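Breakdown of the fold
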Amino acid sequence: MNALTEMDSVVLNGLAAAWVEILERALAEDVATGDITTEGTVPEGARCTAEIVFEEPGVVCGIALAAAAFRHFDPDIHVEVLVGDGARVVNAPTVVARIEGRARAVITAERVALNVVGRLSGIATATRRYVDSVEGTGATILDTRKTTPGLRVLERYAVACGGGTNHRFGLADAILIKENHIRIAGGIGAAVAAVRAAQPGLPVEVEVETTAELDEALAVSAERILLDNMSPELVAASVQRVAGRALLEASGGVTLDTVRSFAETGVDAISIGALTHSVRFLDVSLEVA
């Protein structure tokens, strides 16, 4: 698969443009005024072939972004994508991409390229585990805004590569009335009335922690209700109580060990901040052939 082909859908999401800005910052941070070790040990005209290797099983993500890092130093560098974003590597080690071009460019861009692939593949892999765990229940796995500052567009792309669903990107995208909004507004009813006056026609989601708060949200016809930090038993009771009058999202305290029990309650979606705030890098390396 050609990296440019893989990048087509990414461009539609604005990911490519975002990566240009992030890449410039990452390279300024890592390379600064130059790669003095590589410049001292690698002849200027030398060329090499290198491979990006998955050292452990996981879901691939970010290969086309890594290609852009290499091309920053050598626009003519060739990157052959062997395993595309969203595909699962089962057996390790596995070569997922092959790079051919100026050796200095390959070595200097190595760490930034591997950082993006390792981070995003870690997120995609964790997401896939959650998605697989709820298979057959009808529950959707959602991401949250608990992302690395400045990297949200990349991390949300990784969630999608892992089979998850992106929730609201930012505060301007959807209405979600949370605990502090409710306290300042003077209650759920007052908060919903105020936001509907300010943003008429938009669906409203309300965060609740108790059955009493759930009833308040239902009383004002909230279109979506977030059940925050409830046990699976309380979520199941809430599903029965709501009886289809609102979409229900469970959040808080959900782990890979418990996500299935939440999904089996009949809840519509489960949002998991750990997809982006608590995952580890996948073990990925670059080896000169």
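This text goes with the structure placed above it.
Because the structure is predicted, anything quoted here is derived from the model rather than measured.

Attention now moves to the sheet that holds strand β9 (residues 224–228). For sheets, the rule is that strands pair by backbone hydrogen bonds, running either parallel or antiparallel. An order of β6-β11-β10-β9-β8-β7 is seen for the six strands of this open sheet, with the pairing classed as parallel. Looking at the sheet topology across the chains shown, the edges are occupied by β6 (140–142) and β7 (175–177). Along the sheet, successive strands turn relative to each other by an average axial angle of 25°, direction set aside. Pairing between β7 and strand β8 (residues 204–208): three bridges, direction parallel. Across the sheet, residue I177 finds its bridge partner in β8, namely V206.

This part is about the pattern of salt bridges. Pairing between side chains of opposite charge can happen when the charged atoms of each approach one another. Scanning the model with the defined rule gives 16 salt bridges in all. Among the ionic pairs, E51 bridges to R98, the shortest N-O distance being 3.3 Å. Pair noted here: E51 is in strand β1 (residues 47–54) and R98 is in strand β5 (residues 94–102), with a separation of 47 residues, a long-range link. Exposure remark for E51: the relative accessible area of 18% places this residue in the buried category. With a relative accessible area of 28%, R98 lands in the partly exposed category. Across the pair D215 and R241 runs a salt bridge, and its minimum N-O distance is 2.8 Å. Taken as a pair, D215 in helix α9 (residues 211–219) and R241 in helix α10 (residues 232–242) lie far apart in primary sequence, 26 residues in all. Connected via shared salt-bridge partners are E51, E80 and R98.

Helical periodicity: at 3.6 residues per turn, an α-helix aligns residues three or four positions apart in one direction. Buried residues of α9: L214, A217 and L218, and no others. Within α9, the buried residues cover an arc of 100° as seen down the axis, which keeps them to one side. If you follow the buried residues of α9, they end up packed against α8 (188–198), β8, β9 and α10. Positioned one or two residues after α9, S221 has a phi angle of 60°, which is positive.

Time to look at unusual backbone geometry. Phi is mostly negative for residues that are not glycine, and the peptide bonds are mostly trans. Each neighbour pair has its own omega, and for A92 with P93 the value is 0°, a cis peptide bond. The backbone of A32 shows a phi angle near 50°, a positive value even though the residue is not glycine. Mapped onto the elements of the fold, A32 is located in the loop between α2 (15–30) and α3 (36–41). Phi is positive for A243, close to 50°, though the residue is something other than glycine. Structurally, A243 can be placed in the loop between α10 and β10 (247–251).

The next thing to look at is the nonpolar core. Within the largest apolar cluster, 87 residues are counted, with the highest numbers of intra-cluster contacts made by I52, F70, V206, I225 and I270. Element by element, the count of residues in this core is highest for helix α5 (residues 103–133), at 15 residues.

What counts and how
Residues numbered from 1 in each chain as written. Predicted model: local features only at pLDDT ≥ 70, side-chain atom pairs only at ≥ 80, totals over all residues. Heavy atoms only, no water. Pairing = 2+ DSSP bridges. Helix = DSSP H or I, 4+ residues; strand = E, 2+ residues; numbered from the N terminus. Axes fitted to C-alpha atoms, helices over the stretch in contact; angles between N-to-C directions. Salt bridge = Lys/Arg side-chain N within 4 Å of Asp/Glu carboxyl O. Buried < 20%, exposed > 50% of the residue type's maximum accessible area, 1.4 Å probe, protein only. Arc of directions from axis to C-beta. Contact = heavy atoms within 4.5 Å. Core = buried A, V, L, I, M, F, W, Y, C linked by side-chain atoms within 4.5 Å.

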